[in-house]
Amino acid sequence: TPAKDQVAIVNYVDSDEGNKVITTSGNLTGKAGSKIDYSTKSTIQDLENKGYVLVNDGFPAGAVYDNDDNTTQTYTVVLKHGTTTITPDKPGKPGEPINPNDPDGPKFPQGTDENSVKRTGTQTIHYTGAGDKTPKDDVQSFTFTKTMVVDNVTGKVITDGSWNVTSHTFGNVDTPKIDGYHADKRTAGNTTITPDDLNKTVTVNYSPNGKIIPVDPSGKPIPNVPTPTYPTDPSDPTKVTPDEPVPTIPGYTPSTPTVTPTDPGKDTPVPYTPETPAKDQVAIVNYVDSDE
């Protein structure tokens, strides 16, 4: 008796899911010794479109049916899940298909967009209080980056990735010196940002420097005389120059030759004493009569 029709089957398995069968050719039948009329090409292409990657095609070219009625010839095509790496240059697009040839398949999940893998933070030093001499804001920036990996078959995030650094601390910036004003900070900055706390602002306030105010002995300002503003200390914008000479006022003597202000924003009254010229003195010569 001639051998019965023989049966062969090709299984496509997922090596990432314990070799679970993804799909199968179904039973292929034919005479013993005849060529198995089957190609894996279109099924592999279809699975690749869905995000799989071929590991091994175990169905050989030219395979023939065997002569054994009691067994089914089984061939195995092994595939694994493809992955997509998400970087700041190539972020995911949540809601859009991961596999371009499978528009109804898995979509990029939330949390894979550009902001999830790239965040830029700033330190802003804001200057205020010196009118049109106030410096512009000093802004420095730093970018945190990370890489994520998504499973093309399931659409799940496999690797959440970690930021290149967990925090960044900016340097200090020397406060600019402005003539006639003193600042409340000699340097500013040194703030720390993180991917979840990206922007820090530090404010530097300028205030006008005080003046030397010449006053008379009763404490009243002397009219029409110079009232010089303290110069800002060249080496420290929060201070004014010590030992500042007081103005010369003709006809007056100052109580001190120099002033060192204790508060750079406060005026210093300096008493002056008027120089009084001596009054005319009186002398007299008497001629006396000694006989009288």
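Remember, predicted model here, so these are calculated numbers, not experimental data.

Undergrad: Would you mind going over the overall build of the protein chain with me for this structure?
TA: Check the secondary structure of the protein chain and you find two helices and 21 strands. For the protein chain, the C-alpha radius of gyration of 46 Å lies well beyond 19 Å, the compact-globule estimate for 292 residues. Along the three orthogonal principal directions, the C-alpha set of the protein chain runs to about 195 × 25 × 25 Å. Pairs at least 24 residues apart make up 57% of the contacts formed inside the protein chain by residues separated by at least 6 positions. Surface accessibility of the protein chain: about 17700 Å² in total, with carbon and sulfur atoms responsible for 49%. Across the protein chain, the mean location of the 25 positive side-chain charges is 9 Å away from that of the 39 negative side-chain charges.

Undergrad: Would you take a moment to explain the sheet that holds strand β16 (residues 199-208) for this structure?
TA: Across a sheet, strands are paired by hydrogen bonds formed along the backbone, either parallel or antiparallel in direction. With mixed pairing, four strands are arranged side by side in an open sheet as β8-β7-β16-β13. Edge positions in the sheet fall to β8 (138-145) and β13 (181-183), since each of these pairs with one other strand and no more. The average undirected angle you get between the axes of adjacent strands in this sheet is 20°.

Undergrad: Please explain the packing of aromatic side chains as it appears in this structure.
TA: By convention here, two paired aromatic rings are described through the distance between centres and the angle between planes. Per the counting criterion, the structure on display carries four aromatic pairs. Centre to centre, the rings of F59 and Y75 are 5.1 Å apart; their planes meet at 90°, and the pair counts as edge-to-face. Separated by 16 residues along the polypeptide, F59 in the loop between β4 (52-57) and β5 (73-81) and Y75 in strand β5 bring together distant segments of the chain. Here the two residues F59 and Y75 agree in accessibility, since each one is buried. Measuring from centroid to centroid gives 5.1 Å for F142 and F144, while their planes differ by 80°, and the two rings are edge-to-face.

Undergrad: I'm lost on the pattern of salt bridges in this one. Help?
TA: Between side chains of opposite charge, a pair can form when the charged atoms approach closely. Taken as a whole and judged by the stated rule, the model has nine salt bridges. Salt-bridge contacts for K177 lead to D179; the nearest nitrogen and oxygen are separated by 3.0 Å. When its relative accessible area of 52% is taken as the criterion, D179 is described as exposed.

Undergrad: Looking at this structure, I do not really get unusual backbone geometry. What am I missing?
TA: Glycine aside, residues mostly have negative phi, and peptide bonds are mostly found in the trans state. For N190, which is not a glycine, the phi torsion comes out positive at approximately 60°. Relative to the helices and strands, N190 is located in the loop between β14 (187-189) and β15 (192-193). What makes N190 partly exposed here is its relative accessible area of 48%. Not every positive phi belongs to a glycine, and D243 is a case in point at roughly 50°. Along the chain, the position of D243 falls in the loop between β17 (212-215) and β18 (244-245).

Undergrad: Looking at this structure, how should I read the sheet that holds strand β9 (residues 148-151)?
TA: An order of β6-β9-β10 is seen for the three strands of this open sheet, with the pairing classed as antiparallel. In this open sheet, the two edge strands, each paired with only one partner strand, are β6 (83-86) and β10 (157-159). Ignoring which end each strand starts from, the neighbouring axes of this sheet average 35° apart. Here β6 pairs with β9 via four bridges, running antiparallel. Bridged to T85 within β9 is V149.

Thresholds applied
Residues numbered from 1 in each chain as written. Predicted model: local features only at pLDDT ≥ 70, side-chain atom pairs only at ≥ 80, totals over all residues. Heavy atoms only, no water. Helix = DSSP H or I, 4+ residues; strand = E, 2+ residues; numbered from the N terminus. Rg over C-alpha atoms; globule rule 2.2 N^0.38 Å. Contact = heavy atoms within 4.5 Å. Areas by Shrake-Rupley, 256 points an atom, 1.4 Å probe, with all protein chains shown as cover. Lys, Arg positive; Asp, Glu negative; His and termini not counted. Charge placed at Lys NZ, Arg CZ, Asp CG, Glu CD. Pairing = 2+ DSSP bridges. Axes fitted to C-alpha atoms, helices over the stretch in contact; angles between N-to-C directions. Phe/Tyr/Trp six-rings, centres within 6.5 Å; stacked < 30°, edge-to-face > 60°. Buried < 20%, exposed > 50% of the residue type's maximum accessible area, 1.4 Å probe, protein only. Salt bridge = Lys/Arg side-chain N within 4 Å of Asp/Glu carboxyl O.

Everything listed is a geometric property; what it means functionally is a separate question.
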